[in-house]
Amino acid sequence: MALTDVKIRAAKAPEKLKKISDANGLQLFVKPNGSKLWHYAYRYSGKQKLLALGAYPDISLADARTARDAAQSLLASGIDP
């Protein structure tokens, strides 16, 4: 299910790290201290990797999706982002 800005703002600080998925590997990590960080999960050369995209709200949902799309373009070209 796709994330919305309302869902992101409503996410409260959990006791343990919480991952909220958007689509195509984009994830929002909500930490116990309340910080919210964007990550892009992908595979390159058969290995699972994680690319940090920045913190919410400095990086908005739209900006995170744009960064994910740019990373996917690099992967399609054979480049590890």
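A. The arrangement of the packing of aromatic side chains in detail. The tally for this structure, following the rule as stated, stands at 2 aromatic pairs. Seen from their ring centres, tyrosine 40 and tyrosine 42 are 5.4 Å apart, and the 15° between their planes marks the pair as stacked. Per residue, the accessibility class of tyrosine 40 equals that of tyrosine 42, and both read buried.

B. Focus on the side chain of histidine 39. In this fold, histidine 39 is placed in strand E3 (residues 36-44). We classify histidine 39 as buried; its relative accessible area is 12%. The contacts of histidine 39, once residues within four sequence positions are left out, are Gly25, Leu26, Gln27, Phe29, Leu50, Leu51, Ala52 and Leu53.

C. Spatial organisation of the pattern of salt bridges. For the structure on display, the rule yields 5 salt bridges. Among the ionic pairs, arginine 65 bridges to aspartate 22, the shortest N-O distance being 2.9 Å. A residue pair is termed long-range when its members are at least 10 positions apart, and arginine 65 in helix H2 (residues 61-76) and aspartate 22 in the loop between strand E1 (18-21) and strand E2 (26-30) qualify at 43 residues. The network of salt bridges with common partners includes Asp22, Arg65, Arg68 and Asp69.

D. Molecular detail of unusual backbone geometry. For the bond running from tyrosine 56 to proline 57, omega is 15°, close enough to zero to count as cis. Structurally, proline 57 can be placed in the loop between strand E4 (47-56) and H2.

E. Up close: the pairing of E4. Where E3 meets E4, 9 bridges bridge the pair, whose relative direction is antiparallel. The residue bridging leucine 37 from the neighbouring strand is alanine 55, located in E4. With antiparallel pairing between neighbouring strands as the criterion, E3 and E4 make up a hairpin whose turn holds 2 residues, including serine 45 at a positive phi of roughly 55°.

Rules and cut-offs
All residue numbers refer to position in the chain's written sequence, counted from 1. Residue-level local features of this predicted model are given only where pLDDT is at least 70; pairs of side-chain atoms are given and counted only at 80 or more, and the full residue set underlies all totals for whole chains, interfaces and linings. Here the side-chain values reflect all heavy atoms present in the structure, with hydrogen atoms and water set aside. Aromatic rings from Phe, Tyr and Trp, with only the six-membered ring used for Trp, were paired whenever their centres fell within 6.5 Å, and each pair was classed as stacked if the ring planes differed by under 30 degrees, edge-to-face if by over 60, and tilted otherwise. Relative accessible area decides the class of each residue, using a 1.4 Å probe on protein chains only: under 20% of the type maximum gives buried, over 50% gives exposed, and in between gives partly exposed. Helix and strand definitions follow DSSP, with helices as H or I runs of at least four residues and strands as E runs of at least two, each counted in order from the N terminus. Here, residues are in contact when the closest pair of their heavy atoms is within 4.5 Å. The working definition used for a salt bridge is a side-chain nitrogen of Lys or Arg within 4 Å of a carboxyl oxygen of Asp or Glu. Being paired, for any two strands, means DSSP has found at least two bridges between them.

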